[in-house]
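Commentary on secondary and tertiary structure
So you can see what is in the structure, the chains are spelled out below.
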Amino acid sequence: MTAALAPIQSQAQTQAIDLPHKAYLLPQSVPMWPPVWWTWLIVAAVTLIIIGLLILWYQRHKKRTYRREALSNIRKAADDLTDKECIQLCHEMVRRCLISEGKIETAALPSHTLFSSLDASMPKKRQFASLASEFIDGPYRNQIELSQEQRSTMIKNTCYWIRKHHA
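Residues numbered from 1 in each chain as written. Predicted model: local features only at pLDDT ≥ 70, side-chain atom pairs only at ≥ 80, totals over all residues. Heavy atoms only, no water.

1. Some thoughts on the nonpolar core
For the record, the criterion: We call a set of buried residues a nonpolar core when its members are Ala, Val, Leu, Ile, Met, Phe, Trp, Tyr or Cys and they connect through side-chain atoms within 4.5 Å of each other. Only protein chains enter the accessibility calculation, which uses a 1.4 Å probe; a residue whose area is less than 20% of its type maximum is buried, one above 50% is exposed, and one in between is partly exposed. Numbering of helices and strands runs from the N terminus; a helix is a DSSP stretch of H or I covering at least four residues, while a strand is a stretch of E covering at least two. Residues count as neighbours in contact if any of their non-hydrogen atoms are within 4.5 Å of one another.
Ranked by internal contacts, the top residues of the largest apolar core, which has 30 residues, are F115, L118, F128, F135, M154, W161 and I162. Sorting the residues of this core by element identifies α3 (65-77), α4 (83-101), α6 (111-119), α7 (133-136) and α8 (148-164) as the ones contributing at least two each. The greatest single-element share of this core, amounting to 8 residues, is contributed by α4. Apart from residues no more than four positions distant in its own chain, L118 is found in contact with V94, L98, F128 and W161.

Pasting the structure below:
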């Protein structure tokens, strides 16, 4: 059977088939370039979206500078300060963050009221009320002594609030 097909195939290859209307035939391959006109619209839209996201990210980064500064101040000074100075530093950083956000009235509240309002938006584990009176009344006492665990919890909770609060 294959021997019978061999002469037919060789005859077909040697004879060129003459098709009518060669002008209407498509080329063998359609080139990918130049692209269609709306491809440039898509490229421009994607570029504008990327630029817009970069601008928003930069503005957010600038807006949160006060958070990074407050965290670095706490981390630098926390080990060198006495217990009372450390409590005052934490209070000061919380109030400065509130002022930087434009919440001056909230920053001016007394400590009990301020920290109870801040605790409303914090998880139970990270609330300032869990630090008890040492944290809230500490700046107003003459002598205060914190355990290492209380001190680290106070610093961790303050740093957590600075990182996570909503402006």
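2. What about α4?
Note the following rule: How far a helix is expected to stretch is found by multiplying one less than its residue total by 1.5 Å.
Taking 1.5 Å of rise per residue, 19 residues should cover 27 Å, and α4 covers 28 Å from first to last C-alpha, within 8% of that figure. Within α4 the residues assigned to the buried category are D83, C86, I87, L89, C90, H91, M93, V94, R95, C97, L98 and E101. Those residues of α4 that are buried lie in contact with α3, α5 (104-107), α6, α7 and α8. Looking one or two residues beyond α4, the residue adopting positive phi is G102, at roughly 95°.

3. Side note on the state of the cysteines
Working definition: the covalent bond between the sulfur atoms of two cysteines is a disulfide. Put simply, the rule is: In this description, a disulfide is simply a cysteine sulfur pair whose atoms lie within 2.5 Å.
In this structure the tally under the stated criterion is 0 disulfides. Sulfur of C97: no disulfide; nearest cysteine sulfur belongs to C159 and is 9.9 Å away.

4. Digging into the packing of α3 against α8
Note the cut-off: Axis definition: a line fit to C-alpha positions, over the contact stretch in the case of helices; interaxial angles, taken between N-to-C directions, run 0 to 180 degrees. When describing relative orientation, an angle under 35 degrees is termed roughly parallel and one over 145 degrees roughly antiparallel, while 65 to 115 degrees is termed roughly perpendicular and anything else oblique. Ten residues, namely Ala, Val, Leu, Ile, Met, Phe, Trp, Tyr, Cys and Pro, are considered nonpolar, four, namely Asp, Glu, Lys and Arg, are considered charged, and the remaining ones, Gly among them, are considered polar.
Between α3 and α8, whose axes approach to 9 Å, the crossing angle comes to 170°. Between α3 and α8, the angle falls in the class roughly antiparallel. Here R67, A70, L71, I74 and R75 of α3 lie close against α8, whose contacting residues are I155, T158, C159, I162, R163 and K164. Here the contact of α3 with α8 is built from residues that sort into 6 nonpolar, 1 polar and 4 charged.

5. Re the confidence of the model for the protein chain
The condition that has to hold: The predictor attaches a confidence to each residue, called pLDDT, with possible values from 0 through 100.
Per-chain confidence: the protein chain averages 82 in pLDDT, with 83% of residues scoring 70 or above. Taking the mean pLDDT of every element in the protein chain, the minimum, 57, falls on helix α1 (residues 2-14) and the maximum, 95, on helix α2 (residues 37-63).

6. Concerning the pattern of salt bridges
What counts here: Should a side-chain nitrogen of Lys or Arg be within 4 Å of a carboxyl oxygen of Asp or Glu, the pair is scored as a salt bridge.
A complete count under the given rule lists 3 salt bridges for this structure. In this structure, the salt-bridge partner of R96 is E92, at a minimum N-O distance of 2.7 Å. In this pair, R96 and E92 both sit in helix α4, 4 residues apart, roughly one turn of the helix. Of the charged contacts, one joins K103 and E101 as a salt bridge, the two residues approaching to 3.6 Å between their closest N and O atoms. For K103, a relative accessible area of 33% translates into the label partly exposed.

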